[in-house]
Amino acid sequence: MTTIPRQKSTDGCDELGKILHINLTEILLQNSNEAAPKMEAAVMNGVELVVGDAISVKMSAKYGIKSTLIQSGKESIYRALQTAILIASIRRAEQKKTEQLRAVVDESHDGIVAVNQDKRITILNPVAEKIFKKSCFDVKGEFVEDIFPELSTVQINGKDKLVKIFEKQYTVRRASIAVRDNNQGYTEYF
């Protein structure tokens, strides 16, 4: 992504790139005559998106590059940076939560299989991989009944059920996954 402001540097351009984990290149234009050669150089360097003023947006269209227009003024840039910082902090917090949940599931002593509302496998923790002798990467996205037919008799939020898997008996419990009262699938613990 490239920001092409005219005359002045955009405060925080480098910082924004770090926050969003993207490569940002800042190209300063002193006048409109510089736009064409600098845009051509940007294309040669693999730029995929231009954020800039009207001239920058017009030039990017000429070279077939996506663009976003910045209206103008430090206030607009400051608000955009503040919004980007907020989004990045929320994204980092959600990533941390996801990593914590993944660690809990992976380190559990129980086998765990999670299935989405379409009955496709989304998670198979290491214990479940050992029990079923299958890798999560091999079964993720597959229909649970096709891969683990022995689990088809277990009821959601019902009683524990004894299930035979590779000549060994396991007690299995199925629990629904609901987010704001919307069914998102279920998990099976054994």
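To keep things clear, this report deals only with the structure shown in the data block.

Thresholds applied
Residues numbered from 1 in each chain as written. Predicted model: local features only at pLDDT ≥ 70, side-chain atom pairs only at ≥ 80, totals over all residues. Heavy atoms only, no water. Helix = DSSP H or I, 4+ residues; strand = E, 2+ residues; numbered from the N terminus. Rg over C-alpha atoms; globule rule 2.2 N^0.38 Å. Buried < 20%, exposed > 50% of the residue type's maximum accessible area, 1.4 Å probe, protein only. Contact = heavy atoms within 4.5 Å. Areas by Shrake-Rupley, 256 points an atom, 1.4 Å probe, with all protein chains shown as cover. Lys, Arg positive; Asp, Glu negative; His and termini not counted. Charge placed at Lys NZ, Arg CZ, Asp CG, Glu CD. Axes fitted to C-alpha atoms, helices over the stretch in contact; angles between N-to-C directions. Parallel < 35°, antiparallel > 145°, perpendicular 65-115°, else oblique. Left-handed = near helix turned anticlockwise from the far one by under 90°. Nonpolar A, V, L, I, M, F, W, Y, C, P; charged D, E, K, R; others polar. Phe/Tyr/Trp six-rings, centres within 6.5 Å; stacked < 30°, edge-to-face > 60°. Salt bridge = Lys/Arg side-chain N within 4 Å of Asp/Glu carboxyl O. Pairing = 2+ DSSP bridges.

1. A closer look at the overall build of the chain
In step 1: When its secondary structure is counted, the chain shows seven helices and nine strands.
In step 2: A globule of 190 residues ought to have a C-alpha radius of gyration of about 16 Å, yet the chain, at 26 Å, is considerably larger.
In step 3: Taking the principal axes of the C-alpha coordinates as reference, the chain spans close to 75 × 30 × 25 Å.
In step 4: A buried classification covers 31% of the 190 residues belonging to the chain.
In step 5: By sequence separation, contacts in the chain at least 24 residues apart represent 33% of the contacts at least 6 residues apart.
In step 6: Accessible surface for the chain amounts to roughly 12700 Å². Of this, 52% is attributable to carbon and sulfur atoms.
In step 7: Charged side chains in the chain number 27 positive and 25 negative. The centres of these two groups are separated by 2 Å.

2. Re the packing of helix α2 (residues 35-44) against helix α3 (residues 54-62)
In step 1: Look at α2 against α3: their axes get within 10 Å of each other, and the N-to-C directions meet at 55°. Considered as vectors, α2 and α3 are oriented oblique to each other. Pair α2 / α3 crosses with right-handed handedness. Of α3, the residues touching α2 (which contributes A35, A36 and M39) are I55, S56, M59 and S60.
In step 2: When the residues that make up the contact of α2 with α3 are grouped by side-chain class, the tally is five nonpolar, two polar and no charged.

3. Section: the packing of aromatic side chains
In step 1: On inspection of all chains with the given rule, the structure shows three aromatic pairs.
In step 2: Both rings, one in F132 and one in F148, keep their centres 3.9 Å apart while their planes meet at 35°; by these two values the pair is tilted. Within this pair, whereas F132 is found in helix α5 (residues 126-132), its partner F148 is found in the loop between α7 (144-147) and β7 (161-165), the two being separated by 16 residues in sequence. Take F132 and F148: they sit in the same class, and that class is buried.
In step 3: With centroids separated by 5.4 Å and ring planes inclined at 90°, the aromatic side chains of F132 and F190 adopt a geometry described as edge-to-face. Placement of F132 in helix α5 and of F190 in the segment after β9 (182-189) is noted, with a sequence separation of 58 residues between them.
In step 4: For F132, a relative accessible area of 2% translates into the label buried.

4. A few points about the pattern of salt bridges
In step 1: A complete count under the given rule lists seven salt bridges for this structure.
In step 2: Note that R102 is salt-bridged to D106, the shortest N-O span being 3.2 Å. On the criterion of helical spacing, the pair formed by R102 and D106 is a turn pair, its members being four residues apart in helix α4 (residues 74-107).
In step 3: Its relative accessible area of 34% is what places R102 among the partly exposed residues.
In step 4: A residue is classified by how much of its surface remains accessible, and D106, at 25% relative accessible area, is partly exposed.

5. Some words on unusual backbone geometry
In step 1: With phi around 50°, F166 is a residue other than glycine that occupies positive phi space.
In step 2: The backbone of E167 sits at a positive phi, close to 65°, despite the residue not being glycine.
In step 3: With respect to the element layout, E167 can be found in the loop between β7 and β8 (168-179).

6. Side note on the pairing of β9
In step 1: The pairing of strand β5 (residues 112-116) with β9 spans five bridges and is classified as antiparallel. Bridging across to β9, I112 finds its partner in Y189.
In step 2: Summarising the sheet, β8 and β9 pair through seven bridges and their orientation is antiparallel. Each residue of the ladder has a partner; that of V179, found in β9, is N182.
In step 3: Where β8 hands over to β9, the hairpin turn is made up of two residues, of which R180 adopts a positive phi near 50°.

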